[in-house]
Every structure is written in structure tokens, then in C-alpha cells.
Amino acid sequence: MTETVETEAGTARVTWHPADQPRLVLAVSHGAGGGIEARDLQALAAALPAHGVSVALVEQPWRVAGRKVAPAPKTLDTGWRGLWPALTRPGLPVISGGRSAGARVACRTATELGARAVLALSFPLHQPGKPEKSRADELLGAGVPTLVVQGGNDPFGRPGEFPEGGFELVEVPFGDHSFAVPKRAPVTQEAALETVTDAVVRWAVSLG
């Protein structure tokens, strides 16, 4: 089921993948360079409903409008806030999630919106080649249980670059920022995505 939601940043869109007997909602949005067709988002939408987690794939207004470039972080946050009433309508705890820029939005707004937890896929700890400009404060400031799933070769921040903090980090071996693995890698693309879905299922179940 797909619904449109009006926000102060424009019209957003939510594609629901409901569980039969849901206990939680995972609301997850895309990054600045792609949409909800991202391989990890689609894998989660396919896997989680069987474990009692309804998945809401969220398209920010700029994507719905057909623009190619994401707006400023403040505008992304405004769009996410405007979506929240639709995401909480089922009356279930909501995990606020996203990949890349969407993960930053989830971290920045989690406490304010009352999210149950945060799922940060490919958190962009820094711009490639600029580790001195860290965004760790956004991640550390989420204020709720947080799971980071990070590619082992992500140029926006490899797992070993992350600070200590109140979050769990799962590495996707050989994965890049999109969790793509090289053909020569000793793991398949399918196995890499299973690492993502298995980690998120285990963590989500632990949230109750």
C-alpha cells in the first residue's frame, strides 16, 4: 500500500509492507543519491514483516517531486517530522531509520519524535577523504537504542573509524556505501544483504 503525506517540505510518499501481526514499525528512508529501490531497503521490506515488523519505505518530498539533488539537512528534518503522524498511526512503537543522509535525519530527530530506536544504514560519518570533519555527534546524540550497519569498505566511514558510544555496530564485510561487494570478494552479494537483514531482524526482535 502506498500513501502520500503532505508535509511543510512538500508531498512525501510512504510505501507500506505490513506484517500480519505487527509489534513494531520500521520507517526507513533513502539517501541523498537514491531512492527506496536501494538494495538494502528492499531486502528489509521483504524480510522483516515475517518477524512482526511492518516496514514503511519513505520517500522524501524532493524525491517525490522528481528533483535530483537533496535539499539542506534542515529541510530533510522538516519532511521527516511531517511524516511522523502517518508512521505512528498504526499505534505501534516506531523505529526511525534511514540510509546515509536518511540515517542522519533519523538520528537528529529521534528523541524529539519519540522514536523507539534508530536504524542507521551506511551512516556517513564523514565525506570521503575528510575524516577530520566527523558527524559522530549526530550519531551519539540520537538518545535511543541505535544500530549502525556499515560496509567494511565504506568511504564515508569504515567500521574502525567509529567512536565508542551507546550504539551497536554491525559490519558488512567488503561492502561499500551501498553494501555492494566486489565480484572478487569471498562473499556473495546475497550473503552481504543477509548480513544486513539478519542483524536488523535480531536487533528489532530484541526491542520487544
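Residues numbered from 1 in each chain as written. Predicted model: local features only at pLDDT ≥ 70, side-chain atom pairs only at ≥ 80, totals over all residues. Heavy atoms only, no water.

Draft legend 1. Examining unusual backbone geometry more closely. Within the chain, S122 stands out as a residue other than glycine whose phi angle is a positive 50 degrees. Mapped onto the elements, S122 comes out in the loop between strand 6 (117–121) and helix 5 (136–140). Even without being a glycine, F179 presents a positive backbone phi close to 65 degrees. By secondary structure assignment, the location of F179 is in the loop between strand 8 (168–172) and helix 6 (189–206). (Helix = DSSP H or I, 4+ residues; strand = E, 2+ residues; numbered from the N terminus.)

Draft legend 2. Structural view of the pattern of salt bridges. Enumeration according to the criterion identifies nine salt bridges in this entry. Close ionic contact of E3 with R89 constitutes a salt bridge, the shortest N to O distance being 3.5 Å. Remark: R89 occurs in the loop between helix 3 (73–88) and strand 5 (94–99) and E3 occurs in strand 1 (residues 2–7); sequence separation between them is 86 residues. The partner of E59 in a salt bridge is R13, with the nearest N and O atoms 2.9 Å apart. Placement of the pair is E59 in strand 4 (residues 53–59) and R13 in strand 2 (residues 10–17), with a sequence separation of 46 residues. The exposure class of R13 is partly exposed, given its relative accessible area of 26%. The structure contains a network of salt bridges with shared partners spanning D77, R104, R108 and E138. (Salt bridge = Lys/Arg side-chain N within 4 Å of Asp/Glu carboxyl O. Buried < 20%, exposed > 50% of the residue type's maximum accessible area, 1.4 Å probe, protein only.)

Draft legend 3. Representation of the sheet that holds strand 7 (residues 146–151). One open sheet holds the eight strands; their spatial order is 1-2-4-3-5-6-7-8, and the pairing between them is mixed. If you trace the sheet from one side to the other, it starts and ends with strand 1 and strand 8, each paired once. Averaged over neighbouring strand pairs, the angle between their axes works out to 20 degrees when direction is ignored. Alignment of strand 7 against strand 8, held across five bridges, turns out to be parallel. The residue of strand 8 that forms the bridge with Q150 is E171. Packed on one face of the sheet, helix 6 meets strand 3 (24–29), strand 4, strand 5, strand 6, strand 7 and strand 8 and runs near 160 degrees to strand 8. (Pairing = 2+ DSSP bridges. Axes fitted to C-alpha atoms, helices over the stretch in contact; angles between N-to-C directions. Contact = heavy atoms within 4.5 Å.)

Taken by themselves, the reported measurements are silent on function.
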